[in-house]
Every structure is written in structure tokens, then in C-alpha cells.
Amino acid sequence: MFLADCQARLAFDLLANTWNAVVVWSLRHGPRRPGELRGQIGGISHKVLTETLRRLEFNGLVERHAYAEAPPRVEYALTGLGRSLLAPIETFGAWAFEHADEVLAAQDRWEEETTASPAPPRAEPPS
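In this report, the structure presented in the accompanying data block is examined. (Residues numbered from 1 in each chain as written. Predicted model: local features only at pLDDT ≥ 70, side-chain atom pairs only at ≥ 80, totals over all residues. Heavy atoms only, no water.)

### Side note on empty space enclosed by the protein
Under the criterion given, the structure shown has one cavity of 30 Å³ or more. Each pocket or cavity is described by its volume, and for the largest cavity that value is around 30 Å³. Lining the largest cavity are Leu14, Leu15, Asn20, Ala21, Val24, Leu56, Leu61, Leu85 and Ile89. Breaking the lining of the largest cavity down by element, the ones donating at least two residues are helix 1 (7-16) and helix 2 (18-26). At three residues, helix 2 tops the list of elements feeding residues into the lining of the largest cavity. (1 Å grid on protein atoms, 1.4 Å probe; cavity = no way out; pocket = protein on both sides within 12 Å on 5 of 7 lines; lining within 4 Å. Points joined across faces, edges and corners; volume = space filled by probe spheres on them. Helix = DSSP H or I, 4+ residues; strand = E, 2+ residues; numbered from the N terminus.)

In C-alpha cells:
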């Protein structure tokens, strides 16, 4: 049973957000600037990346390092805790790679079944 204070729910919540795992995985080779991350990830807006980085920092998975330079420079890196998530993310990614075709086929079957079957006729109201 996954109670509100269950530790497993914490992990599910962390990985439930698509961008959390993507950003953590993108930082696996070392610190990156936000612009580098956006280029590497693709399809993520500046706003969503900022929110994701803040959420990961809040959860202790990422650390922010601001350099006192002109112009200012900021980099993000995984913490030890963040690095500990790399293996589960890799395992989940391997599962997706192996089973993506099956999942997509199931989705196609479901779509065909739900759109192909006509709606049942409406009952006539009693007179």
C-alpha cells in the first residue's frame, strides 16, 4: 500500500515528472549551463527547465553553482544523491527501449477498438 508518507511514493513522484529524469540523465557527464542543457535535451522551454532545475535542487539531486563573473555564469551538476538515480533511470530507459514497440502497438490496438466499435443505439424513451 502506498500511503502518503511512504518512501516509495517519493521515488515515484521524483520520476513521474518527465523532465526530472531527462535533466538528471543530461547531467550525468558533468556540470552544464542551462543553455547547454536546453540544446542537449531539446523540446524543453526555458521556463520548464528552470522549474525542473529548481525542483531537483530542492530535492537535493542537483546543485547550482553561480560564478562571480561578468557576465554572470551558472552551472548545474548532480549531487551524490542525484548520481544515485542514474542506474534506475538507465534501467527504466532500457526497459522502454526494449518494450516501446509493444506499448505503441497496444496503444494502436486500443485506439482501433475504441474508434471502430459504434456507439450502442440509444434506447427509446417509454411512451
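Here the narrative resumes, following the displayed structure.
### What to know about the nonpolar core
In terms of nonpolar packing, the biggest core is built from 19 residues, with Val23, Val24, Leu27, Leu53 and Val62 touching the most fellow members. For this core, the secondary-structure elements that each account for two or more residues are helix 2, helix 3 (34-41), helix 4 (46-58), strand 2 (73-78) and helix 6 (86-116). Setting aside residues up to four positions removed in sequence, Leu53 forms contacts with Val23, Leu37, Val62 and Tyr76. (Core = buried A, V, L, I, M, F, W, Y, C linked by side-chain atoms within 4.5 Å. Buried < 20%, exposed > 50% of the residue type's maximum accessible area, 1.4 Å probe, protein only. Contact = heavy atoms within 4.5 Å.)

### Topic: the pattern of salt bridges
The full count for this structure, using the stated rule, is three salt bridges. Lys47 is the partner of Glu51 in a salt bridge, and the nearest nitrogen-oxygen pair spans 3.8 Å. Note that Glu51 and Lys47 are positioned in helix 4 at a spacing of four residues, about one turn of the helix. A salt bridge links Arg73 to Glu75, with the nearest nitrogen and oxygen atoms 3.2 Å apart. Three or more residues are tied together by salt bridges with common partners; here these are Glu69, Arg73 and Glu75. (Salt bridge = Lys/Arg side-chain N within 4 Å of Asp/Glu carboxyl O.)

### Focus: helix 6
Helical periodicity: at 3.6 residues per turn, an α-helix aligns residues three or four positions apart in one direction. Relative to the 45 Å expected for 31 residues at 1.5 Å per residue, helix 6 spans 42 Å between its end C-alpha atoms, a close match to the ideal helical length. The largest bend along helix 6 reaches roughly 60° and is located at His99. (Expected span 1.5 Å × (residues − 1). Bend = angle between axes of the 7 residues up to and from the residue.)

### Side note on a nonpolar patch on the surface
A cluster of nonpolar side chains, contributed by Phe92, Trp95 and Val103, occupies part of the molecular surface with about 330 Å² of accessible area. Turning to its location among the elements, Phe92 is positioned in helix 6. (Patch = residues over 30% accessible without salt bridge, like charges linked within 9 Å, V, L, I, M, F, W, Y side chains within 5 Å. Areas by Shrake-Rupley, 256 points an atom, 1.4 Å probe, with all protein chains shown as cover.)

### Let's talk about the pairing of strand 1 (residues 62-67)
Across six bridges, strand 1 lies against strand 2 in antiparallel orientation. By the bridge assignment, Val62 is partnered in strand 2 with Leu78. Between strand 1 and the antiparallel strand that follows it, strand 2, lie five residues. (Pairing = 2+ DSSP bridges.)

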